[in-house]
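Geometric and topological summary
Here is how the chains run, residue by residue.
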Amino acid sequence: MRLMLAGWISMFSGGVLSAHPETPVATEHAIKAAFLYKFATFIEWPAQAFDSPEAPFVIGILGEDPFGDLLERTCEGKTLNNHPMEVRRYDQAGAVSECHLLFVSLQNPRETRETLALFRDSPILTVGEAEGFCQVGGVIGFYREGNNVRFEINVDAVKRAEQQGLKLRPQLLGVGRPVREESED
């Protein structure tokens, strides 16, 4: 299973950005949309994270949306443990509700830290692409390594997420680069 995830990740991140140099940003966000979907398949949410057995699995976007319709196309017609996948957009952190995986698209580290603190005690997986995202409390952060999209995993945030009932499979944890949060001074 770990080998399968590693192969999937290398397929989506290795060389794809350089294959279409005229559209690197669109291609990068297509890769990230695919990663968001794939992350969801390697994590278990507690039953109480859903209002009902038919409730949707919600991927939320907080802040500016870099995906356009890429995320909807990636999730279209898919289910996660019999929950239909749905994408929702939020302008403010206070408006986030019924969300399972939240892509935080904020660039200000202080604002990001404050926003992530709001979700510390909830079964929401936070993912972002801002530099230092994991160091200020996010669970999974994207970064670029040459022409490749990679991700890091905040081991401190994973421990908190597990206390809220989220279970990240070892295959996912073994592929992401582990990082720790920086302490607030």
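Residues numbered from 1 in each chain as written. Predicted model: local features only at pLDDT ≥ 70, side-chain atom pairs only at ≥ 80, totals over all residues. Heavy atoms only, no water.

Another aspect to go through is the packing of aromatic side chains. In this structure the tally under the stated criterion is seven aromatic pairs. Between F39 and F142, the aromatic rings sit 5.9 Å apart at their centres with planes inclined by 25°, giving stacked as the arrangement. Residue F39 is found in helix α3 (residues 24-41), and its partner F142 is found in strand β7 (residues 140-145); the two are separated by 103 residues along the sequence. Classification of F39 as buried rests on a relative accessible area of 2%. F142 gets classed as buried once you look at its relative accessible area, which sits at 5%. Each ring, one from F39 and one from F151, has its centre 4.9 Å from the other, and the planes form 70°; the classification is edge-to-face. Pair noted here: F39 is in helix α3 and F151 is in strand β8 (residues 148-154), with a separation of 112 residues, a long-range link. Accessibility classification places F39 together with F151 in one group, the buried group. Taken together, the ring pairs connect F35, F39, F142 and F151 into an aromatic cluster. When the ring centre of Y143 is taken as origin, the NZ or CZ atom of R177, which lies over that ring, is 3.9 Å away. (Phe/Tyr/Trp six-rings, centres within 6.5 Å; stacked < 30°, edge-to-face > 60°. Helix = DSSP H or I, 4+ residues; strand = E, 2+ residues; numbered from the N terminus. Buried < 20%, exposed > 50% of the residue type's maximum accessible area, 1.4 Å probe, protein only. Lys NZ or Arg CZ within 6 Å of the ring centre and 35° of its normal.)

According to the stated counting rule, one finds two cavities of 30 Å³ or more in the structure shown. In this structure, the largest cavity occupies an estimated 90 Å³ of space. Top element by residues in the lining of the largest cavity is helix α6 (residues 155-163). It accounts for three residues. By residue class, the composition of the lining of the largest cavity is six nonpolar, three polar and two charged. Within this model, the second largest cavity holds a volume of roughly 40 Å³. As for the second largest cavity, its lining consists of L106, Q107, N108, P109, T112, A130, E131, G132, F133 and V136. Broken down by class, the residue content of the lining of the second largest cavity amounts to five nonpolar, four polar and one charged. (1 Å grid on protein atoms, 1.4 Å probe; cavity = no way out; pocket = protein on both sides within 12 Å on 5 of 7 lines; lining within 4 Å. Points joined across faces, edges and corners; volume = space filled by probe spheres on them. Nonpolar A, V, L, I, M, F, W, Y, C, P; charged D, E, K, R; others polar.)

Turning our eyes to something else, we now look at the sheet that holds strand β5 (residues 101-105). With mixed pairing, the eight strands of this open sheet are ordered in space as β3-β4-β2-β5-β6-β7-β8-β10. The open sheet has two edge strands, β3 (79-80) and β10 (177-179), and neither has a second partner. In terms of strand pairing, strand β2 (residues 57-63) meets β5 through five bridges, oriented parallel. If you follow I61 over to β5, its bridge partner there is F103. Across the sheet, α6 lies against β8 and β10, angled at about 60° from β8, the strand it touches most. (Pairing = 2+ DSSP bridges. Contact = heavy atoms within 4.5 Å. Axes fitted to C-alpha atoms, helices over the stretch in contact; angles between N-to-C directions.)

Before going further, it helps to examine helix α5 (residues 109-118). If you check which residues of α5 are buried, you get T112, T115 and L116. In an axial view of α5, the angular spread of the buried residues amounts to 100°, which keeps them on one side of the axis. Among the exposed residues of α5, those pointing more than 90 degrees away from its buried face are R110 and L118. On its buried face, α5 is in contact with β2, β5 and β6 (125-128). (Arc of directions from axis to C-beta.)

On to the pattern of salt bridges, then. Following the criterion strictly, the structure yields 15 salt bridges and no others. Shared partners join several salt bridges into a network, and the residues in it are E28, K32, E129 and R144. (Salt bridge = Lys/Arg side-chain N within 4 Å of Asp/Glu carboxyl O.)

All right, on to the environment of F151 then. Relative accessible area serves as the criterion here: at 4%, F151 is assigned to the buried category. For the pair F151 and C134, spaced 17 residues apart in sequence, the C-alpha separation works out to 9.9 Å.

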